[in-house]
Amino acid sequence: MDAPTNDHRRRLLQAMGVVAGAHGVAGVTIADLVREAGVSKRTFYEHFTSKEDCFLSLYRAVSHVALEELKAAVTSDRPWEEQLEQALSAYLNHLSGSPELLRTLFVEVQHLGEAGAKARRAVMQEVSEFLLSTVHGGKGTADLDASLALAAVGGINELILLAVEQGRAAELPMLTAQAGEVVRRLTRRAQ
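In this report, the structure presented in the accompanying data block is examined.

## A closer look at the overall build of the protein chain
Then step 1. Of the regular secondary structure elements, the protein chain holds nine helices and zero strands.
Then step 2. Relative to a compact globule of 191 residues, whose C-alpha radius of gyration would be 16 Å, the protein chain shows 18 Å and is just as compact.
Then step 3. Considering only C-alpha atoms, the protein chain reaches an extent of 55 × 35 × 30 Å along its principal axes.
Then step 4. Going through the 191 residues of the protein chain one by one, you find that 44% of them count as buried.
Then step 5. Pairs at least 24 residues apart make up 67% of the contacts formed inside the protein chain by residues separated by at least 6 positions.
Then step 6. Accessible surface for the protein chain amounts to roughly 9,700 Å². Of this, 53% is attributable to carbon and sulfur atoms.

Right under this line is the structure:
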């Protein structure tokens, strides 16, 4: 893609964040998006097949940035428990920085049927793989398998969603210890 094409896509994704944040995905129209982005409908359809496609692209892009925040926060020569705390702190701080977008993404993706569920599952799988690599790659030993890592990510996701639904997105960093405890307890499960 050339620079103007990338810029158009970026502006459309930003527009989706703004408009969906104000009206929910169901209340978004293509006209709203192109007006907010300052592009034509033709340009919209050069990048996305529908408003749902645009929203899911935004969901994946924002999730990717959050995962990169997780990865960048980890100091790999530390014990896995410290790496986990670093990653969770960075992730929750990142999420709390955009409460309206966070609410839109965490809540609205659940209303997009199978496509939304598939996108959500893919993101949760990526985060659980990161969790596994952190727990197994850090100094010290921990016992955590793929299904328990996914369960931990799901539990942490539910803590985040509850805070978002209660209007406490700015308080997400305070969940770091609780989220870390979810993982630590799963690594100490009965054998």
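## Some details on the packing of aromatic side chains
Aromatic ring pairs are defined here through the distance separating the ring centres and the angle between the ring planes.
Then step 1. Per the stated rule, a full pass over the model turns up two aromatic pairs.
Then step 2. For the ring pair F44 and Y45, a centre distance of 5.1 Å and an interplane angle of 90° mean the geometry is edge-to-face.
Then step 3. Taken together, a centroid distance of 5.6 Å and an interplanar angle of 45° make the contact between F44 and F48 tilted.
Then step 4. A relative accessible area of 0% places F44 in the buried class.
Then step 5. Joined through ring pairs, the aromatic side chains of F44, Y45 and F48 make up one cluster.

## Notes on the nonpolar core
Then step 1. In this structure, F55, L131 and I160 are the most contacted members of the largest nonpolar core, which totals 60 residues.
Then step 2. Elements that contribute at least two residues to this core include exactly α1 (3–23), α2 (30–37), α4 (51–73), α5 (80–96), α6 (99–108), α7 (113–137), α8 (146–165) and α9 (176–187).
Then step 3. A total of nine residues in this core trace back to one element, the largest contributor, which is α8.
Then step 4. Sequence-distant contacts of I160, defined by excluding residues within four places in its chain, comprise Y91, L92, L95, F106, L172 and L175.

## Notes on the packing of α4 against α5
Then step 1. Axis separation between α4 and α5 bottoms out at 8 Å; the angle between their running directions is 145°. Here the hand of the crossing between α4 and α5 comes out right-handed. For the pair α4 and α5, contact is made by V65, A66, E69, L70 and A73 and by Q86, A87, L88, A90, Y91 and H94, respectively.
Then step 2. Split by residue class, the contact of α4 with α5 holds eight nonpolar, two polar and one charged.

## What to know about the pattern of salt bridges
Then step 1. Within this structure, the stated rule accounts for 11 salt bridges.
Then step 2. The residue E114 makes a salt bridge to R121 at a minimum N-O spacing of 2.7 Å.
Then step 3. Here R121 falls in the partly exposed class, since its relative accessible area comes to 45%.
Then step 4. One salt bridge connects E181 with R185, and the closest N-O pair in it is separated by 2.9 Å.

## Structural notes on the environment of L112
Then step 1. By the element assignment, L112 lies in the loop between α6 and α7.
Then step 2. Take L112: its relative accessible area is 16%, and that puts it in the buried class.
Then step 3. Sequence separation between L112 and G17 is 95 residues, and the spatial gap between their C-alpha atoms is 15 Å.
Then step 4. Dropping the residues within four chain positions of it, L112 is found in contact with V25, E52, F55 and L56.

## Describing the environment of G180
Then step 1. Among the structural elements, G180 can be located in helix α9.
Then step 2. On the basis of relative accessibility, which here comes to 0%, the residue G180 falls in the buried class.
Then step 3. Placed 93 residues apart in sequence, G180 and A87 show a C-alpha to C-alpha distance of 9.6 Å.
Then step 4. Residues contacting G180, with those up to four places away along its chain left out, are L84, E85 and L88.

## Focus on the packing of α4 against α7
Then step 1. Contact pair α4 / α7: the axes reach a minimum separation of 11 Å and the direction vectors enclose 10°. Classified by the angle between their axes, α4 and α7 sit roughly parallel to one another. Contact residues: α4 offers L56, Y59, R60, S63, L67, L70 and K71, while α7 offers A115, G116, A119, R120, V123, E126, V127 and F130.
Then step 2. When grouped by side-chain class, the residues that make up the contact of α4 with α7 number nine nonpolar, two polar and four charged.

Conventions we followed
Residue positions within a chain follow its written sequence, with the count starting from 1. The predicted origin of the model limits local features to residues at a pLDDT of at least 70 and limits the giving and counting of side-chain atom pairs to 80 or more, whereas totals for whole chains, interfaces and linings rest on all residues. Heavy atoms throughout the structure, all of them, feed into the side-chain values; hydrogens and water do not. The secondary structure listing takes helices from DSSP runs of H or I that are at least 4 residues long and strands from runs of E that are at least 2 residues long, numbered from the N terminus. Only C-alpha atoms enter the radius of gyration; for comparison, a globular chain is expected to reach 2.2 Å times N to the power 0.38, where N is the number of residues. To sort residues, take the accessible area from a 1.4 Å probe on protein chains only and compare it with the maximum for the residue type: under 20% means buried, over 50% means exposed, and anything in between is partly exposed. Residue contacts are defined here by distance: any two heavy atoms, one from each residue, within 4.5 Å place the two residues in contact. Methods summary: accessible areas were calculated by the Shrake-Rupley approach with a probe of 1.4 Å, and residue burial reflects only the protein chains presented. Within 6.5 Å between ring centres, the rings of Phe, Tyr and Trp (the latter by its six-membered ring) count as paired, and their orientation is classed by plane angle as stacked under 30 degrees, edge-to-face over 60, tilted in between. In plain words, nonpolar cores are sets of buried Ala, Val, Leu, Ile, Met, Phe, Trp, Tyr and Cys residues tied together by side-chain atoms within 4.5 Å. Axis definition: a line fitted to C-alpha atoms, limited for helices to the stretch in contact. Angles are taken between N-to-C directions and run from 0 to 180 degrees. Helix crossings get a hand from a simple test, with the near helix turned counterclockwise from the far one by less than a right angle marking a left-handed crossing and a clockwise turn marking a right-handed one. Note that Gly is not counted as nonpolar here; it falls among the polar residues with everything else outside the nonpolar set of Ala, Val, Leu, Ile, Met, Phe, Trp, Tyr, Cys and Pro and the charged set of Asp, Glu, Lys and Arg. Salt-bridge detection follows one rule: a side-chain nitrogen of Lys or Arg within 4 Å of a carboxyl oxygen of Asp or Glu. Should an angle fall under 35 degrees it is called roughly parallel, over 145 degrees roughly antiparallel, and 65 to 115 degrees roughly perpendicular, with every other angle called oblique.

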